[in-house]
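Structure assessment
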Amino acid sequence: MKKTLVSALTTALVVGAASTTFAAANPFSDVPADHWAYDAVSQLAADGVIEGYGDTTFRGNQNITRYEMAQMIAKAMAKSDVSAADKALIDKLAAEFSDELNNLGVRVSNLERNADNVKWNGQARYRYWSQRYEQKDGSKDKKNTDQLNFRLEPSAEVNKNWHVNARIDAFMDPSKDETSDLTVKRVWAQGDYKNFQVKLGKLPFFSTETAGMLFDDQFSGAQVTFGKNLKATLEAGRWNLDSANTQSNLHHAVGKTGDDAANYQGIGLNGTAGKLYGGAAYRHFNSNVFTQTKGFEKNTDEANIWSVGAGYKFDKNWNLYGAYAKNEKAEADATAHNIQLNYKGAQKANKGSWGAYTAYRYMGQNVAFAPTYETFLSNGVNNVKGWEVGTEYVPFTNVTAAAYYFNGKKLDNNNDAELLFGRVNFWF
């Protein structure tokens, strides 16, 4: 049964499945922030095998180059007094980054290289939402929901520069004991070259300049990114409007026109300068759904959204970030802004690590269509303003637990809105 499942999923990947990125063996290409090497190096740092990363190595969604990663691995390889577990991590990293290490003059045996062309990561997670909305009569509309999610994230190497990536999800409603089938959520081919990257297919859709305040989903199309310290990204394709928050005006308008996908074009700039980082973007959507959406200009079939964001890392523990966005084609609930202060951060490979944050969020539903915040997902609250606090902890290696709390007001009627969220992730 297990072999059959793996075989079926591998076949699905080859013909059209989707996930997180593994950069090609190019000294100047980026290592994506969700690459397994980040967790491996984090564990080696926690064990004292290597000494930290410097100010700009890890910063949210910022990537580092494979050459920089290889420099860290080379330092780890030079250590002789390491545990068996750390030695295994070092060998695995050395195999993955052997070309870059060879460029550095560090010899790696070809026998140590991972011969598998398809690699698998994944997670199992449980999430719980408890939300409260104040009604006109002063009573509270209460809703408690929970969800189980199983996710697989394969990556298949095509050649030195190209990979095929996938994300496959299955969901379960414990209250009804109902489970969805495994669904291919994303599939894209990715080419990594010097200061240049191209993605084609069903891609991750993330508003990097706002740290996901507007979008954390997927769209079908193409994305091109070029640059080094300052990166420009061009995107074009189709986005399924049904992915919007289920409590938003946009989501309720979907289905009235017979076409639930919007034409999409976007351009963004993101960069770093020392401890300062930030970006700006403009996104254009076109769909008849907008003509049926409450709060948009009369008869408009467009959404024109511009956004900016910036952050500053004070030291290894403290980080402040803020963002603002506006939909020029919406007359109501057209802006969103957020400011968040982060302290430390949970690293799933580092048992006992933890992080916490406090934030003020203003989430206009006609601009923040599909935010990354767990408190604003389909089971959460929407079109609100207020304060949020949260914490995350790693009780065991590759096991994370998080709790978030939001308290604020609805934007349309100023009624109270609050939500408590909890999550446990098992990573593999």
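So, here's what we can say about the structure.

A few words on the overall build of the protein chain. Broken down by element type, the protein chain carries six helices and 19 strands. Among the 428 residues that make up the protein chain, the fraction classed as buried is 46%. Sequence-distant contacts in the protein chain: of pairs separated by 6 or more residues, those separated by 24 or more amount to 58%. In the structure as shown, the protein chain presents an accessible area of about 19900 Å², 52% of it carried by carbon and sulfur atoms.

As a further point, take the packing of aromatic side chains. For any pair of aromatic rings, the description consists of the separation of the ring centres together with the inter-plane angle of the planes. A full pass over the atoms with the stated rule returns 26 aromatic pairs. Centre to centre, the rings of Tyr373 and Phe376 are 5.9 Å apart; their planes meet at 65°, and the pair counts as edge-to-face. Taking relative accessible area as the criterion, Tyr373 reaches 9% and is therefore assigned buried. Their ring planes at 25° and their centres at 5.3 Å tell us that Tyr404 and Phe421 sit as a pair that is stacked. Taken together, the residues span a long stretch of sequence, with Tyr404 in strand S18 (residues 399-410) and Phe421 in strand S19 (residues 416-427) at a distance of 17 residues. Take Tyr404 and Phe421: they sit in the same class, and that class is buried. Taken together through their ring pairs, the aromatic side chains of Phe205, Phe215, Phe219, Trp239, Tyr264, Phe285 and Phe369 make up a single cluster.

The next point concerns the environment of Phe219. With respect to the helices, strands and loops of the structure, Phe219 is situated in strand S9 (residues 216-227). Relative accessible area serves as the criterion here: at 0%, Phe219 is assigned to the buried category. Remark: the alpha-carbon pair of Phe219 and Ser243, spanning 24 residues in sequence, is separated by 9.9 Å. The contacts of Phe219, once residues within four sequence positions are left out, are Gly201, Lys202, Leu203, Pro204, Phe205, Glu235, Ala236, Gly237, Arg238, Trp239 and Tyr264.

This part is about the pairing of S9. The pairing of strand S8 (residues 196-206) with S9 spans eleven bridges and is antiparallel. From the neighbouring strand, Pro204 faces S9, where its bridge partner is Gln218. Connecting the antiparallel pair S9 and strand S10 (residues 230-240) is a turn made up of two residues.

Another aspect to go through is the nonpolar core. Residues Trp239 and Phe285 are the most contacted members of the largest nonpolar core, which totals 45 residues. Leave out the neighbours within four places in its chain, and Phe285 touches Phe205, Phe215, Trp239, Ala262, Asn263, Tyr264, Phe290, Asp301, Glu302, Ala303 and Ile305. Ala40, Val49, Ala94 and Phe97 belong to the second-largest nonpolar core, a separate cluster that totals 19 residues.

In this structure, Asn299 takes a positive phi of about 65° despite not being glycine. Looking at the secondary structure, you find Asn299 in the loop between strand S12 (276-286) and strand S13 (302-313). According to the relative accessible area criterion, Asn299 is exposed, its value standing at 62%. A positive phi angle, close to 55°, is found at Asn383, a residue other than glycine. Tracing the chain through its elements places Asn383 in the loop between strand S16 (354-363) and strand S17 (384-396). Residue classification places Asn383 among the buried residues on the basis of a relative accessible area of 0%.

Our focus in this paragraph is the environment of Leu89. You can see Leu89 is positioned in helix H4 (residues 84-96). Sequence separation of Leu89 and Gln43 is 46 residues, and the distance between their C-alpha atoms is 8.7 Å. With residues up to four places along the chain from it excluded, the contact list for Leu89 reads Ala40, Gln43 and Leu44.

On to the pairing of strand S7 (residues 183-193). Summarising the sheet, strand S5 (residues 162-173) and S7 pair through eight bridges and their orientation is antiparallel. In the sheet register, Asp169 faces S7, and the bridge partner there is Thr183. One ladder, built from seven bridges, connects S7 with S8; its direction is antiparallel. Among the inter-strand pairings, Gln190 is bridged to a residue of S8, identified as Lys199. Turn length for the S7-S8 hairpin, with the two strands adjacent in sequence and antiparallel, is two residues, and the turn residue Asn195 shows positive phi of about 55°.

With 13 residues, H4 should cover 18 Å at 1.5 Å per step; its first-to-last C-alpha distance of 19 Å lies within 8% of that length. When H4 is considered as a whole, its buried residues turn out to be Asp86, Ile90, Leu93, Ala94, Ala95 and Glu96.

Relative to the elements of secondary structure, Gln123 occurs in strand S3 (residues 118-134). Looking at Gln123, its side chain comes within polar contact range of the side chain of Asn425, at 2.5 Å.

Inspection of every chain in the model, using the stated rule, returns eleven salt bridges. When the shortest N-O distance is used, the salt bridge between Lys87 and Asp91 registers 2.9 Å. In this pair, Lys87 and Asp91 are both assigned in helix H4, four residues apart and thus about one turn of the helix distant. The exposure class of Lys87 is partly exposed, given its relative accessible area of 39%.

Taken N-terminus to C-terminus, the directions of helix H3 (residues 66-77) and H4 make an angle of 145°; their axes are 10 Å apart at the nearest point. In this structure, H3 crosses over H4, and the sense of that crossing is left-handed. On H4, the residues touching Arg66, Ile73, Ala76 and Met77 of H3 are Ile90, Leu93, Ala94 and Glu96. Partitioning the contact of H3 with H4 into residue classes produces six nonpolar, no polar and two charged.

Criteria and thresholds
Residues numbered from 1 in each chain as written. Predicted model: local features only at pLDDT ≥ 70, side-chain atom pairs only at ≥ 80, totals over all residues. Heavy atoms only, no water. Helix = DSSP H or I, 4+ residues; strand = E, 2+ residues; numbered from the N terminus. Buried < 20%, exposed > 50% of the residue type's maximum accessible area, 1.4 Å probe, protein only. Contact = heavy atoms within 4.5 Å. Areas by Shrake-Rupley, 256 points an atom, 1.4 Å probe, with all protein chains shown as cover. Phe/Tyr/Trp six-rings, centres within 6.5 Å; stacked < 30°, edge-to-face > 60°. Pairing = 2+ DSSP bridges. Core = buried A, V, L, I, M, F, W, Y, C linked by side-chain atoms within 4.5 Å. Expected span 1.5 Å × (residues − 1). Polar contact = N/O pair within 3.5 Å; in protein donor to acceptor, adjacent residues only side chain to side chain. Salt bridge = Lys/Arg side-chain N within 4 Å of Asp/Glu carboxyl O. Axes fitted to C-alpha atoms, helices over the stretch in contact; angles between N-to-C directions. Left-handed = near helix turned anticlockwise from the far one by under 90°. Nonpolar A, V, L, I, M, F, W, Y, C, P; charged D, E, K, R; others polar.

Don't take any of this as a statement about function, it's just geometry.
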